Amino acid sequence: MKAKIVDAYVFLKTLTIRKLFNYFVLKSSFYLSLLLKKAVIKGFPASIAIEPTTNCNLQCPECPSGLKQFTRKTGNINIDLYRSVIENAYINLIYLLLYFQGEPFLHPDFFDLIKIAKKKNIYTATSTNAHFLTKKNSRKIIESGLDRIIISIDGATQASYEKYRIGGNLEKVLEGTKNLIEIRKEMKAKKPYVIFQIIVFRSNENEIEKIKNIAKQLGVDSIKIKTAQFYNLDSTNHLIPVNRKFTRYKKQNNSYVVKNKLPNKCWRSWYSSVITIDGTVVPCCFDKDAKHEFGNIKNKALGAIFRNSESGKFKEAILQNRSKIDICNNCTEGLKEFR
């Protein structure tokens, strides 16, 4: 509880009147859009995810990064391009996630990416498989000012963990987590807030309590349980948990379909954007291959792209018939998790 209070305080310290007003404008335009059934886009993104890299050290079977199956450009984001995004967006930005695809710590200047954002008083988070949380890197994380770190831990044993995290080593994850928490304590730092994220598969659905106990022993601040996304439900149904509360799918006519009824609304599309390594702006994290491009920050400011005609057409499609948008058909927006 104390860690959550500290994290909330850290977040509140990054807020300004300008950021709060922009958030109000975004929320108002969203509700007006629902009322009119027409996309009204006002304000600037309050939250963005920037992709540091598409490279990854693991080969997770449902991840385009791990499978090397991107059709778009791959590599690392240029630090000058990244800096230009932050300069353009920081005044309205409430939350920055330094993650989309890939393992962020493989970016050669990752700690500098954090520092650039923190100098602009942005609440900054990342997500990692924790294979690079050495003592040296853990110290650098704390010195950089990172506010939140999400650590993927999808098993309580190596056997269950590597069912999905192919090429991964659970001991490294646990050792890395221990390093970070011990050095945070040693440096008398209050952040980053450390979250264990469990993506639930059939292989680990009976280990959730064990993972929670591991987290408690290590001093992890919070646990997040997440349903798994699958691209081909017929060929990967052996990974789907037996307990239906841990999956976003249901069995229907000897096959699997998404439980989500996909209401024709999506708050996420009205307040956030995702930026790939080459500056392409896409609607959200479900557009992993950047098929729905709104524009590129090399050519135009993020705010202008956020409100342009391509963005408007996409949002209009959400309001009219969201189920026809390919990337929405695996989305949990509007779905009550674990029912």
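In what follows, the structure referred to is the one given above.
As a convention, each chain's residues are numbered from 1 in the sequence order in which they are written. The predicted nature of this model means local features are confined to residues of pLDDT at least 70 and side-chain atom pairs, given and counted, to a pLDDT of 80 or more, with totals for whole chains, interfaces and linings taken over all residues. Only heavy atoms go into the side-chain values, all of them from the structure, while hydrogens and water stay out.

S.K.: Where do I start with the side chain of Ser138 in this structure?
M.R.: Helix numbers and strand numbers start at the N terminus; a helix is a DSSP run of H or I with at least 4 residues, a strand a run of E with at least 2. Assignment of secondary structure puts Ser138 in helix α6 (residues 135-144). Only protein chains enter the accessibility calculation, which uses a 1.4 Å probe. A residue is then buried if its area is under 20% of the maximum for its type, exposed if over 50%, and partly exposed in between. Judged by its relative accessible area of 0%, Ser138 is buried. Here a polar contact is recorded for every N or O atom pair within 3.5 Å, except that within protein the pair must consist of a potential hydrogen donor and a potential acceptor, and residues adjacent in sequence are included only if both atoms are side-chain atoms. A polar atom in the side chain of Ser138 sits 2.8 Å from the backbone oxygen of Thr134.

S.K.: Looking at this structure, I do not really get the environment of Asn260. What am I missing?
M.R.: Tracing the sequence through the fold places Asn260 in the loop between β8 (255-258) and α11 (267-271). When its relative accessible area of 7% is taken as the criterion, Asn260 is described as buried. Measuring from C-alpha to C-alpha, the distance between Asn260 and Cys328 comes to 9.8 Å, with 68 residues separating the pair along the chain.

S.K.: Would you explain the packing of aromatic side chains in this entry?
M.R.: Describing an aromatic ring pair means giving the distance of the ring centres and the angle of the ring planes. Note on aromatic contacts: the rings of Phe and Tyr and the six-membered ring of Trp form a pair at centre separations within 6.5 Å, being stacked when their planes are under 30 degrees apart, edge-to-face when over 60 apart, and tilted otherwise. Applying the stated rule across the entire model yields 14 aromatic pairs. By the criterion adopted, a ring carries a charge over it if an Arg CZ or a Lys NZ lies within 6 Å of its centre and within 35 degrees of its normal. Between the NZ or CZ atom of Arg72 and the centre of the ring of Phe70, over which it lies, the distance is 4.5 Å.

S.K.: So what exactly am I meant to see when it comes to the sheet that holds strand β9 (residues 272-275) here?
M.R.: Hydrogen bonding along the main chain pairs the strands of a sheet, whether they run parallel or antiparallel. The mixed open sheet is built from 9 strands, whose spatial order is β6-β5-β4-β3-β2-β1-β9-β10-β11. Across the chains shown, the open sheet's two edge strands, defined by having one partner strand only, are β6 (222-227) and β11 (295-296). Should DSSP find at least two bridges between two strands, the strands are taken to pair. Where strand β3 (residues 123-128) and strand β4 (residues 148-152) come together, 4 bridges link them in parallel fashion. Looking across to β4, one finds that Thr126 is bridged to Ile149.

S.K.: Sorry, what's going on with the packing of helix α4 (residues 79-89) against helix α5 (residues 110-118) here?
M.R.: A pair of packed helices can be characterised by two numbers: the angle between their axes and the separation between those axes. Convention adopted: a line fitted to C-alpha atoms gives each axis, helices being fitted over their contacting stretch, and angles between N-to-C directions are expressed from 0 to 180 degrees. The N-to-C vectors of α4 and α5 enclose an angle of 20°; their axes lie 10 Å apart at closest approach. One finds that α4 runs roughly parallel with respect to α5. Between α4 and α5 the crossing geometry is right-handed. Packed against α4, whose contacting residues are Ile79, Tyr82, Arg83 and Ile86, the element α5 presents Asp112, Leu113, Ile114, Ile116 and Ala117 at the interface. Of the residues belonging to the contact of α4 with α5, the class tally is 7 nonpolar, no polar and 2 charged. Oblique is the label for any angle not under 35 degrees, not over 145, and not in the 65 to 115 range, which are roughly parallel, roughly antiparallel and roughly perpendicular in turn. If you view the pair so one helix is near and one far, a crossing is left-handed when the near helix is turned anticlockwise from the far one by less than a right angle, and right-handed when it is turned clockwise. Note on contacts: a residue pair qualifies if any of its non-hydrogen atoms lie within 4.5 Å across the two residues. Polar here means any residue outside two lists: the nonpolar Ala, Val, Leu, Ile, Met, Phe, Trp, Tyr, Cys and Pro, and the charged Asp, Glu, Lys and Arg; Gly therefore counts as polar.

S.K.: How do you make sense of helix α9 (residues 208-218) when you look at a structure like this?
M.R.: In an α-helix, one full turn covers 3.6 residues, which means residues spaced three or four apart are oriented alike. Those residues of α9 not exposed but buried are Ile208, Ile211, Ile214 and Ala215. Taken end-on, α9 shows its buried residues confined to a sector of 115°, consistent with a single buried face. The exposed residues of α9 that point more than 90 degrees off its buried face are Glu209, Lys210, Lys216 and Gln217. Among the structural elements, α8 (170-186), β5 (193-200) and β6 are those in contact with the buried residues of α9. What the arc describes is the spread of directions from the helix axis to the C-beta atoms.

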